[in-house]
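Survey of secondary and tertiary structure
In case you want the letters, here they are:
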Amino acid sequence: MNLLVCISKTPETTSKIGFTDNNTTFATDGVQYIMNPYDEWYALVKALEVKEALGGTVTVINVGPAANDVIIRKALAIGADEAVRVDAEPKSAVFVAQQIAAYAKDKAYDMILTGKETIDYSGGLVGGMVAELMGTPFMSFVSNLDVADGKVTATCDIEGGVEVISASLPVVVSASKGLAEQRIPNMRGIMMAKRKPLNVVEAQSADDHVSIKGYTLPAEKSGVKLVDAENMDELVRLLHEEAKAL
Amino acid sequence: MSVLVFVEAINNQYKKAAFEAVCYGAKVAEMTQGDCVVVTNGSADVAGELGKYGANKVLSFQSDNMHDTAFVTQAIAKAYEQCGAKQLVLCDNSRGKSIAGRLAIKLGAGVVTGAESLPSTDGGMTVQRGVFSGKALATYAYSSDNNIISISRNATPIVESGSAVTAESLDISGISAATQLVEVKRVEGTIPLPEAELVVSAGRGMKGPENWGIIDDLADVIGATTACSRPVSDTGWRPHHEHVGQTGIAIKPNLYIAIGISGAIQHLAGVNSSKTIVVINKDPEAPFFKAADYGVVGDLFDVVPRLTESIKKFKSA
Ligand SMILES: Cc1cc2nc3c(=O)[nH]c(=O)nc-3n(C[C@H](O)[C@H](O)[C@H](O)COP(=O)(O)OP(=O)(O)OC[C@H]3O[C@@H](n4cnc5c(N)ncnc54)[C@H](O)[C@@H]3O)c2cc1C
């Protein structure tokens, strides 16, 4: 099994979100970055589990600048065999998908995995785009996955339930919670990661189609109204009359 | 220039999100002086009803392959070409999210998922969506000739502005699926969390899964769906699909009642778009109170049953 895991970088979850240049640019000063949790906790670990069961290699791919090597090394420390970085600023989902598909095209991957979305821009588009570019099935929001005899059976989360679907390899899979259990890199993994290959390749030109023109911050809450714990009738009254929520 | 809207019928019925998408499509069609065409898997009679929400024309097809993203993509692409559309509207639900990327490539279109409101069309098309887990809104501009917008819930109000139309059938012969459906499992009787207007959510303050009876009782009296914080689902007290937050489900119900949840930034990220937030916590310093509209400082094991009683009294009055 040849597996490719798409990983991206997102601001650490407690980062302060602010903007500069007249609210047109995300303020990166002092922001720490992490590997996108859906990519790290579920897509990558599931790929490792499949490899451990069936043999093969796990490659991680990231589209981004050299600063991203830190998170790529972390993926190697968790257990990926090798890594590729497409050297470009990832400005849109379609640009990223085009780079991944161009790289994967002639490599005969059995499965390409992504997280269901990134936790910063939450577009959730890259997996489907890669599948369309590669002409393969796309299984999305996958919370359980079995591979046997060249066939994949996936449990896909839908509103209030699941759809279980199956397909022949190759496939593209987007990972949601439950697909695997987070793994913490150990000392040996971290040491080995330093010697694993990280290839840097040039980007292809591709259109973005959409761009961000500016940001606005939501209005602040006006402040909490405290209700006495002994007086739940009052809370019900407020929820009914004031908030119109009951 | 037409606007095409795709909505899925589940068991030949539409949910609220479908009506929102048709109303949204009708508004965009009005702005761009075009027709609003709907493509859907509903039967002709059910699909024709979508005319009431502003569809000028409805194309319907019947298929057992709605689970297959490639199949649905090709069916929509066919309708798109047939009606000469330049805009496609999708719902930002699990199905819409699964096909948006494929469709963008297939149609060579720009795509924005999770739009919060109607687009603006002066000086090119722009649309707003939440980013950084709802901590900001971003305005996206399209530079493509073909555009896809998938809309978040409540992006536009539902208004009945038209009358039923006769649905035409879309020829899908020759379009096949690459995946097989093994089974569909739906929890019956409860409203799925992403669609719920009322949510009762509980955290580690509950001490253990055996104490959830008071949460279920409260949820039952108001007809709410239950949710939980991440550690609660990680330790198996509650199922994963109840986990809300930055790494769980992001929700925006009318009312969110948070019980024994501290209000960590990652939790707030998934629930801060709720219209009204009530926090019940024994620690007056809990960060959640800063994000709440109403707060009760007290022991949840006393407060929650009391609240349930008060609601019962209110309901029967
Ligand atoms: C990368 C990352 C992603 C994360 N994503 C998420 C996410 O998506 N969703 C999420 O929820 N968390 C997420 N977390 C975890 C988050 O940081 C918090 O740890 C978590 O939300 C805390 O859950 P809690 O509020 O249930 O528990 P705690 O923080 O332990 O809070 C329990 C609360 O219950 C109160 N309490 C205790 N007993 C009582 C009582 N008898 N009566 C009333 N109140 C009582 C306490 O005062 C306390 O405020 C994430 C963390 C990281 C690092």
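About the thresholds
- Residues take numbers from 1 onward in each chain, read along the sequence in its written order.
- Here every chain gets a letter starting at A, and every ligand a number starting at 1, in the order they are written.
- Only residues with pLDDT of 70 or above have their local features reported here, since the model is predicted, and side-chain atom pairs are shown and tallied only from 80 upward, although totals for entire chains, interfaces and linings are computed over all residues.
- Hydrogens and water molecules were not included; the side-chain quantities draw on all heavy atoms of the structure.
- By definition, any uninterrupted DSSP run of H or I lasting at least four residues is a helix, any uninterrupted run of E lasting at least two residues is a strand, and each is numbered from the N terminus.
- Using a grid of 1 Å spacing that covers the protein atoms alone, one calls a set of points a cavity when a 1.4 Å probe fits there but cannot get out, and a pocket when the set is open and has protein on both sides within 12 Å along at least five of seven lines; lining residues are those with an atom within 4 Å of a point.
- Grid points are joined across faces, edges and corners, and a volume is the space filled by probe spheres set on the points.
- Basically, the charged four are Asp, Glu, Lys and Arg, the nonpolar ten are Ala, Val, Leu, Ile, Met, Phe, Trp, Tyr, Cys and Pro, and anything else, Gly included, counts as polar.
- Angles here are taken between N-to-C directions and fall from 0 to 180 degrees, while the axes themselves are lines fitted to C-alpha atoms, restricted in helices to the stretch in contact.
- What sets the label is the angle itself: under 35 degrees gives roughly parallel, over 145 gives roughly antiparallel, 65 to 115 gives roughly perpendicular, and the rest give oblique.
- Put simply, a crossing is left-handed when the front helix is turned counterclockwise from the back one by less than a right angle, and right-handed when it is turned clockwise.
- In what follows, residue pairs with any heavy atoms lying within 4.5 Å of each other are defined as contacts.
- A molecule or strand has a residue near it when one of that residue's heavy atoms lies within 4 Å.
- By the criterion applied in these results, polar contacts are pairs of N or O atoms within 3.5 Å in which, for protein atoms, one can donate a hydrogen and the other can accept it, and in which residues neighboring in sequence qualify only through two side-chain atoms.
- With residues, only the protein chains shown are counted as cover, and all accessible areas are computed by Shrake-Rupley using a 1.4 Å probe.
- By the convention used here, strands pair only if DSSP detects at least 2 bridges between them.
- Like charges are joined within 9 Å and nonpolar side chains (Val, Leu, Ile, Met, Phe, Trp, Tyr) within 5 Å, but only among residues with over 30% relative accessible area and no salt bridge; these make up the patches.
- One side-chain nitrogen of Lys or Arg within 4 Å of one carboxyl oxygen of Asp or Glu is enough to make a salt bridge.
- Within 6.5 Å between ring centres, the rings of Phe, Tyr and Trp (the latter by its six-membered ring) count as paired, and their orientation is classed by plane angle as stacked under 30 degrees, edge-to-face over 60, tilted in between.
- Charge-over-ring placement is defined geometrically: NZ (Lys) or CZ (Arg) within 6 Å of the ring centre, and within 35 degrees of the ring normal.
- When accessible area is computed with a 1.4 Å probe and restricted to protein chains, residues below 20% of their type maximum are described as buried, those above 50% as exposed, and intermediate ones as partly exposed.

1. Structural notes on unusual backbone geometry
Here the bond from Leu169 of chain A into Pro170 of chain A is cis, since omega is 0°, no more than 30 degrees from zero. Here Pro170 of chain A shows up in the loop between β11 (161–168) and β12 (171–175). The phi dihedral of Phe141 of chain A falls on the positive side, at around 55°, and the residue is not glycine. Located in the positive-phi region is Asn154 of chain B, a residue other than glycine, with phi close to 65°. Along the polypeptide, Asn154 of chain B turns up in the loop between β8 (147–151) and β9 (168–169).

2. Comments concerning empty space enclosed by the protein
As enumerated under the stated definition, the model contains 4 cavities of 30 Å³ or more in all. Considered as a void within the structure, the largest cavity measures approximately 90 Å³ in volume. Those elements that provide at least two residues to the lining of the largest cavity are β9 (138–148), β10 (151–158) and β11 of chain A together with α4 (94–107) of chain B. Counted by class, the lining of the largest cavity contains 5 nonpolar, 5 polar and 3 charged residues.

3. Observations concerning the packing of helix α4 (residues 126–134) of chain A against α4 of chain B
Packing of α4 of chain A against α4 of chain B brings their axes to within 6 Å, and their N-to-C directions diverge by 45°. Viewed along their axes, α4 of chain A and α4 of chain B adopt a mutual orientation that is oblique. Viewed along their axes, α4 of chain A and α4 of chain B form a crossing whose handedness is right-handed. Facing α4 of chain A, whose interface residues are Gly128, Met129, Ala131, Glu132 and Leu133 of chain A, α4 of chain B presents Gly101, Arg102, Ala104, Ile105 and Lys106 of chain B. Classifying every residue of the contact of α4 of chain A with α4 of chain B gives 5 nonpolar, 2 polar and 3 charged.

4. A look at the site of the ligand
Taken together, 28 residues lie around the ligand, and Ser229, Thr247, Ser262, Gln266 and His267 of chain B are the ones closest in. The site occupied by the ligand is bordered by residues of chains A and B. Between the ligand and Val244 of chain B there is a distance of 2.9 Å, counted from a nitrogen atom to a backbone nitrogen or oxygen. Asn281 of chain B is positioned such that a nitrogen or oxygen atom in its side chain is 2.7 Å from an oxygen atom of the ligand. About the coverage of the ligand: the protein hides 81% of its 990 Å² of free accessible area. Of all the secondary structure elements, the ones that give two or more residues to the shell around the ligand are α6 (230–234), α7 (265–271) and α8 (300–316) of chain B. When its residues are assigned to classes, the shell around the ligand shows 7 nonpolar, 15 polar and 6 charged.

5. Structural notes on the sheet that holds strand β13 (residues 255–259) of chain B
Strand order across the open sheet formed by 6 strands is β15(A)-β15(B)-β14(B)-β13(B)-β11(B)-β12(B), with parallel pairing between neighbours. The sheet terminates laterally at β15 (225–226) of chain A together with β12 (225–228) of chain B, the two strands that pair on one side only. Direction of pairing for β13 of chain B relative to strand β14 (residues 276–281) of chain B: parallel, over a ladder of 5 bridges. Its bridge partner being in β14 of chain B, Tyr256 of chain B is matched across the sheet by Ile277 of chain B. The strands touched by helix α6 (residues 232–242) of chain A are β15 of chain A together with β13, β14 and β15 (294–297) of chain B; relative to β15 of chain B, the strand with the most contacts, the crossing angle is about 170°. Where helix α5 (residues 213–222) of chain B meets the sheet, it contacts β11 (198–202), β12 and β13 of chain B, and its direction lies at approximately 175° from that of β11 of chain B.

6. Details of a nonpolar patch on the surface
Taken together, the side chains of Met187, Ile190 and Met191 of chain A make up a nonpolar region of the molecular surface, amounting to roughly 290 Å² of accessible area. Its place among the elements puts Met191 of chain A in helix α5 (residues 187–193).

7. A short note on the packing of aromatic side chains
Per the counting criterion, the structure on display carries 12 aromatic pairs over all chains. A centroid spacing of 4.4 Å and a plane angle of 25° characterise the contact between Phe19 of chain B and Tyr53 of chain B, whose relative ring orientation is stacked. Taken together, the residues span a long stretch of sequence, with Phe19 of chain B in helix α1 (residues 16–31) and Tyr53 of chain B in the loop between α2 (44–48) and β3 (57–60) at a distance of 34 residues. One aromatic cluster is present, formed by Phe19, Phe26, Tyr121 and Tyr215 of chain A together with Phe132 of chain B through successive ring pairs. Positioned above the aromatic ring of Tyr33 of chain A, the side-chain terminus of Lys9 of chain A is 4.3 Å from the ring centre. Here the guanidinium or amino end of Lys107 of chain A rests over the ring plane of Tyr103 of chain A, the centre of that ring lying 3.9 Å away.

8. Some points on the pairing of β11 of chain A
Residues and elements named next belong to chain A. Burial runs high along β11: 7 of the 8 residues are buried. The sheet contact formed by β10 and β11 spans 8 bridges and is antiparallel. Residue pairing for β11: Ile158 is matched across the bridge by Gly161. As consecutive antiparallel partners, β10 and β11 are separated by 2 residues, and within that stretch Gly160 has a phi angle of approximately 65°, a positive value.

Scope: geometric values only; no functional claims are made or implied.
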